[in-house]
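# Understanding the architecture of this molecule
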Amino acid sequence: MTRSGHVVLVLGGARSGKSSFSERMIISAGGERHYIATGQAFDDEMVDRIARHQADRGEGWITHEIPLDLPRHLATIDAAGRSVLVDCLTLWVSNLMMSERDLKAESEALIAQLSSCASHVVLVSNEVGLGIVPENRMAREFRDHAGRLHQKIAAIADKAYFVAAGLPLKLKG
Amino acid sequence: MTRSGHVVLVLGGARSGKSSFSERMIISAGGERHYIATGQAFDDEMVDRIARHQADRGEGWITHEIPLDLPRHLATIDAAGRSVLVDCLTLWVSNLMMSERDLKAESEALIAQLSSCASHVVLVSNEVGLGIVPENRMAREFRDHAGRLHQKIAAIADKAYFVAAGLPLKLKG
Amino acid sequence: MTRSGHVVLVLGGARSGKSSFSERMIISAGGERHYIATGQAFDDEMVDRIARHQADRGEGWITHEIPLDLPRHLATIDAAGRSVLVDCLTLWVSNLMMSERDLKAESEALIAQLSSCASHVVLVSNEVGLGIVPENRMAREFRDHAGRLHQKIAAIADKAYFVAAGLPLKLKG
């Protein structure tokens with residue numbers, strides 16, 4: 001792995017403050033700030049959530065709405081002196097599943113991109129595997145895909161955190 | 001914030017030992033011990049859970065059953081030399097939602113009270129955001145409210161812990 | 001407790017990398033490696049999961065399929081110089097519930113065995129209490145049983161970890 005950039009994984013639950021924590025990291029890193037939103041506004045609830053996140057984030061971000069082509073888009077904007085926040089991986093995994101993309105190939109493409117990036121990349125994701133086994137098979141597959149992706153990224157990341165109540169526990173780095 | 005008291009947030013899953021951990025903290029802090037139970041015994045299962053918690057806790061506690069008016073009641077019993085265990089915030093949030101109270105106003109009132117308290121206050125709460133997104137909209141709103149409240153309290157707390165298997169991970173302090 | 005062996009509890013979510021982390025601990029401990037699988041292959045999905053775990057684990061393990069009689073079987077194979085991986089406790093609890101065994105007696109038998117063991121025992125388990133309260137009563141009882149068992153084992157363990165994305169947070173030791 002020859003990488004001049006920096007890769008950080010931030011895991012946490014719903015409303016754990018993982019996005020705000022990640023935004024603060026990006027802001028203190030300095031440089032041009034990019035925000036990759038993987039969420040899609042299918043319904044009013046999602047529109048609300050996206051608007052609220054955007055308001056929390058404030059000014060000074062270049063926003064990209066990338067529901068599916070995350071590895072390719074990261075490559076396109078990759079450059080030294082840039083900071084990129086990917087929010088979030090679990091929505092990306094969910095979008096890939098709904099579009100019947102090849103999860104294994106996509107996740108390998110993401111790992112390859114992160115392994116050689118020049119930017120400071122912070123990837124936010126929901127830890128979803130700490131409840132009762134879901135009755136729905138699709139949901140079980142989803143948490144398997146998400147969990148495997150987290151392990152792969154954590155293995156190559158410079159830093160990894162588990163966030164609860166807005167406060168980080170350091171997993172790596 | 002001018003506070004002579006001490007505020008601790010204890011997060012954990014169901015049966016994670018978060019209540020016992022919090023009780024031990026209160027006992028070792030010394031002083032008059034108050035226990036605020038937010039749970040309501042609607043059915044036999046809940047009656048059992050409450051009785052079991054009470055038996056685990058043992059003697060020496062002044063118990064208050066406060067399903068809704070938590071900020072006001074905390075103010076009423078607030079005094080230097082007193083220790084107060086609030087068990088738990090998630091049930092309080094759930095009671096507020098069922099009674100259609102204004103969650104934002106209640107949570108601001110709690111933060112205001114905690115910011116100026118004289119007692120040693122330990123607040124126990126369930127982390128509920130680490131499973132699959134619930135299909136039920138009410139459940140999604142509930143975990144959003146709980147998560148936001150945890151972040152607000154953690155921001156002003158002196159200490160915060162994440163408890164698993166009865167053992168604490170320090171988030172703050 | 002007079003124990004010449006070593007007891008480790010490894011908690012984590014689904015696909016958190018807890019099994020791989022535990023396998024690496026057993027391998028670095030050296031000695032004869034035993035693997036106790038509590039899972040039962042009821043359906044194709046479970047057959048797949050078990051096969052995948054076995055492939056990940058590689059050669060050099062003596063495998064025991066023990067869905068129910070865990071404390072007895074641990075006693076049978078207990079010996080200095082042996083390392084035993086129990087994967088996982090949550091499936092054992094689930095099997096005990098489905099077979100209507102006495103959970104309290106079984107969990108006491110396990111604690112008694114672990115308190116006097118000569119082997120290096122690593123017990124893997126799913127933390128399942130960090131999502132929304134399940135609507136299903138059986139699921140609520142399951143997470144209560146699992147949570148209480150985790151607390152009891154953690155109390156007597158030499159070490160305990162919470163694993164996320166393949167990375168450990170130290171709870172004890």
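To be clear, the structure that these remarks concern was listed above.
Applying the stated criterion across every chain, the model contains nine aromatic pairs over all chains. Between Y35(A) and W61(A), the aromatic rings sit 6.1 Å apart at their centres with planes inclined by 85°, giving edge-to-face as the arrangement. With a gap of 26 residues between them, Y35(A) in strand β2 (residues 32-37) and W61(A) in the loop between α2 (44-57) and β3 (62-65) connect regions that are remote in the sequence. The exposure class assigned to W61(A) is buried, which follows from its relative accessible area of 12%. On the numbers, 5.1 Å between centres and 75° between planes, the contact of F21(C) with Y161(C) is edge-to-face. Here F21(C), found in helix α1 (residues 18-29), pairs with Y161(C), found in strand β6 (residues 159-164); they are 140 residues apart in sequence, far enough to count as distant. Taking relative accessible area as the criterion, Y161(C) reaches 10% and is therefore assigned buried. One aromatic cluster is present, formed by F162(A), F162(B) and F162(C) through successive ring pairs. In this structure, R33(C) packs its charged tip against the face of W61(C), placed 5.1 Å from the ring centre. In this structure, R57(C) is placed above the aromatic ring of Y35(C), and the distance from its NZ or CZ to the ring centre is 3.3 Å.

Moving on, we get to the relation of the copies chain B and chain C. One copy of the chain maps onto the second through a rotation about an axis and a displacement along it. For the match of chain B to chain C, the screw axis carries a shift of 0.0 Å, the RMSD comes to 0.0 Å, and the turn is 120°. The relationship between the two copies is best expressed as a three-fold rotation axis. Considering only C-alpha atoms, the part of chain B nearest the rotation axis is G131(B), at 2.5 Å.

This part covers the sheet that holds β6(C). All names here are of chain C. If you walk across this open sheet you meet the seven strands as β3-β2-β4-β5-β1-β6-β7, and the pairing is mixed. Two strands bound the open sheet, and with one partner strand each, they are β3 (62-65) and β7 (167-172). Strand after strand, the sheet turns through a mean of 20° between neighbouring axes, direction not considered. Bridge analysis of strand β1 (residues 6-12) against strand β5 (residues 120-126) gives seven bridges, and the strand direction is parallel. By the bridge assignment for β5, V8 is matched with V122.

Working definition: the covalent bond between the sulfur atoms of two cysteines is a disulfide. Residue and element names in this part refer to chain A. Taken as a whole, this structure holds zero disulfides over all chains when the rule is applied. For the unlinked cysteine C88, the closest cysteine sulfur is that of C117, found at 19 Å. According to the relative accessible area criterion, C88 is buried, its value standing at 6%.

Quick look at the pairing of strand β2 (residues 32-37) of chain C now. All names here are of chain C. The buried fraction of β2 amounts to five of the six residues, a majority that puts the element mostly inside the structure. Bridge analysis of β2 against strand β4 (residues 82-87) gives six bridges, and the strand direction is parallel. Bridge assignment links A37 to a residue of β4, and that residue is D87. Both β2 and β3 contribute to a ladder of four bridges, which runs parallel. For I36, the partnering residue across the bridge sits in β3 and is H64. Note on the crossover from β2 through helix α2 (residues 44-57) to β3: the handedness is right-handed.

Let us look at the interface of chain C and chain A. Contacts between the two partners involve 25 residues from chain C and, on the opposite side, 22 residues from chain A. On the chain C side of the interface with chain A, the three residues burying the most area are R15(C), A165(C) and L167(C), jointly 31% of the side's total. At the junction of chain C with chain A, the criterion picks out zero salt bridges. At the junction of chain C and chain A, the tally comes to four residue pairs in polar contact (both at pLDDT 80 or more). Elements that contribute at least two residues to the side of chain C that touches chain A include exactly α2, α6 (137-156), β6 and β7 of chain C. Considering only residue class, the side of chain C that touches chain A consists of eleven nonpolar, eight polar and six charged.

With that settled, the discussion passes to unusual backbone geometry. All names here are of chain A. Cis peptide bonds are those with omega within 30 degrees of zero, and the linkage from D87 to C88 qualifies with 5°. The topology assignment puts C88 in the loop between β4 (82-87) and α4 (89-98). At A165, a position not held by glycine, the phi torsion is positive, near 50°. If you trace the backbone, A165 turns up in the loop between β6 (159-164) and β7 (167-172). Given the relative accessible area of 4%, A165 is considered buried.

A word on the interface of chain B and chain C. Taken together, the contact between chain B and chain C spans 25 residues of the former and 22 residues of the latter. Of all residues in chain B, the largest losses of buried area upon contact with chain C belong to R15(B), A165(B) and L167(B), amounting jointly to 30% of the total for that side. Counting across the interface, chain B meets chain C through zero salt bridges. There are four residue pairs in polar contact (both at pLDDT 80 or more) connecting chain B and chain C. Counting only elements with at least two residues in the side of chain B that touches chain C, the list comes to α2 (44-57), α6 (137-156), β6 (159-164) and β7 (167-172) of chain B. Among the residues forming the side of chain B that touches chain C, the class breakdown is eleven nonpolar, eight polar and six charged.

What counts and how
Residues numbered from 1 in each chain as written. Chains lettered and ligands numbered in written order. Predicted model: local features only at pLDDT ≥ 70, side-chain atom pairs only at ≥ 80, totals over all residues. Heavy atoms only, no water. Phe/Tyr/Trp six-rings, centres within 6.5 Å; stacked < 30°, edge-to-face > 60°. Helix = DSSP H or I, 4+ residues; strand = E, 2+ residues; numbered from the N terminus. Buried < 20%, exposed > 50% of the residue type's maximum accessible area, 1.4 Å probe, protein only. Lys NZ or Arg CZ within 6 Å of the ring centre and 35° of its normal. Least-squares fit on C-alpha atoms with pLDDT ≥ 70 in both. Pairing = 2+ DSSP bridges. Axes fitted to C-alpha atoms, helices over the stretch in contact; angles between N-to-C directions. Disulfide = S-S within 2.5 Å. Right-handed = clockwise from strand over helix to strand, strands pointing away. Contact = heavy atoms within 4.5 Å. Buried area = accessible area lost by both parts, 1.4 Å probe. Salt bridge = Lys/Arg side-chain N within 4 Å of Asp/Glu carboxyl O. Polar contact = N/O pair within 3.5 Å; in protein donor to acceptor, adjacent residues only side chain to side chain. Nonpolar A, V, L, I, M, F, W, Y, C, P; charged D, E, K, R; others polar.

The values reported here are purely geometric and, on their own, carry no functional implication.
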